[in-house]
Amino acid sequence: MRKLREAGLILCGVLFFLTLSVTVTLAFRPLYYLDIDLLKIEEDTGFSGQEIRENYDTLIDYNLYPWEKKLTFPTFPMSEEAEIHFAEVKVIFQRFLFLLPVTGLLFLIGGGICIRRGEYRFLKGTAVCSILVPLILAALIAVNWEWVFVTFHELVFQNDYWLFDPSTDPVILILPDAFFMHCALMILLLLAACSFVCLRVYHRRQMIVKKEAV
């Protein structure tokens, strides 16, 4: 029973850290604002910085807020295929947003109960499982980011609507692949940070137990 409880807590912890990292990255607009200059998006597209930010903010608002039912860009046209794709992306992000508080509460409540019982191994297990994902994905990204990007889309989506035509969907011009790579790296760094904190708490609890035993 104890091992089953630990396994459940580890799963909740990993999902909580993952959904937290994805949500924070999605909502952290300064990352994109920085990339506007870093990736020279204005120069490459011919759009002004204000126009780029307005259309990007509209896309983020659509994905973040469940009450935003329809995506309409301020200045960009959009094909039917692109609208379907963005609707599919929104569903994915909304699932993450639903899982975030659910897994967070289960992890915190269950973890608190286990700690009061003197059970701490779930912290180490959560930390190890959480860091494995960033390490593996970081290695894959370093070797071949394009393959990771394409494979991810082919696995997640059941169509090829993510292959935008800039002539009908100019929004793709302001969303270069390098920006998505930066998002992926931010998610991995946040996961690694969550793992470190969890491992730190585990070691601190172990030290306290050893001191009390002396």
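Structure shown above.
What you see is a predicted model; the values in this text were computed from it and never measured.

About the thresholds
- Residues numbered from 1 in each chain as written.
- Predicted model: local features only at pLDDT ≥ 70, side-chain atom pairs only at ≥ 80, totals over all residues.
- Heavy atoms only, no water.
- Phe/Tyr/Trp six-rings, centres within 6.5 Å; stacked < 30°, edge-to-face > 60°.
- Buried < 20%, exposed > 50% of the residue type's maximum accessible area, 1.4 Å probe, protein only.
- Helix = DSSP H or I, 4+ residues; strand = E, 2+ residues; numbered from the N terminus.
- Patch = residues over 30% accessible without salt bridge, like charges linked within 9 Å, V, L, I, M, F, W, Y side chains within 5 Å.
- Areas by Shrake-Rupley, 256 points an atom, 1.4 Å probe, with all protein chains shown as cover.
- Salt bridge = Lys/Arg side-chain N within 4 Å of Asp/Glu carboxyl O.
- Lys, Arg positive; Asp, Glu negative; His and termini not counted.
- Charge placed at Lys NZ, Arg CZ, Asp CG, Glu CD.
- Axes fitted to C-alpha atoms, helices over the stretch in contact; angles between N-to-C directions.
- Parallel < 35°, antiparallel > 145°, perpendicular 65-115°, else oblique.
- Contact = heavy atoms within 4.5 Å.
- Nonpolar A, V, L, I, M, F, W, Y, C, P; charged D, E, K, R; others polar.

Trainee: Report on the packing of aromatic side chains, specifying residues and quantitative values.
Mentor: Summed over the entire model, instances satisfying the criterion amount to 15 aromatic pairs. Here the aromatic rings of F16 and F17 are separated by 5.8 Å at their centres, their planes lie at 40°, and the arrangement is tilted. Look at F17 and you get buried, because its relative accessible area is 7%. An angle of 40° between the planes, with centres 5.7 Å apart, marks the rings of F149 and F180 as tilted. Here F149, found in helix α6 (residues 121–156), pairs with F180, found in helix α7 (residues 177–213); they are 31 residues apart in sequence, far enough to count as distant. F149 sits in the buried class, given a relative accessible area of 13%. What links up through ring pairs into an aromatic cluster is the set Y32, Y56, W145, F149, W162, F179 and F180.

Trainee: Describe in detail a negative patch on the surface, supporting the description with residues and values.
Mentor: A cluster of acidic side chains, namely D37, E42, E43 and D44, defines a negative patch on the protein surface. Ranked by residues supplied to the negative patch, first place goes to helix α3 (residues 41–45) with three residues. By secondary structure assignment, the location of D37 is in helix α2 (residues 30–38).

Trainee: So what about the packing of helix α5 (residues 80–116) against α6? Which residues, and what values?
Mentor: Where α5 contacts α6, the two axes come as close as 15 Å, and the packing angle between them is 170°. Overall, the two elements α5 and α6 adopt an arrangement that is roughly antiparallel. For the pair α5 and α6, contact is made by H85, I92, F107, G111, C114 and I115 and by F122, T126, H153 and V156, respectively. Residue composition of the contact of α5 with α6, by class: six nonpolar, four polar and no charged.

Trainee: Kindly report on the environment of L9, identifying the contributing residues and their values.
Mentor: Examined against the element boundaries, L9 turns out to sit in helix α1 (residues 2–27). Sequence-distant contacts of L9, that is, excluding residues within four places in its chain, are made with L106, F107, G110, G111, C114, F122 and T126.

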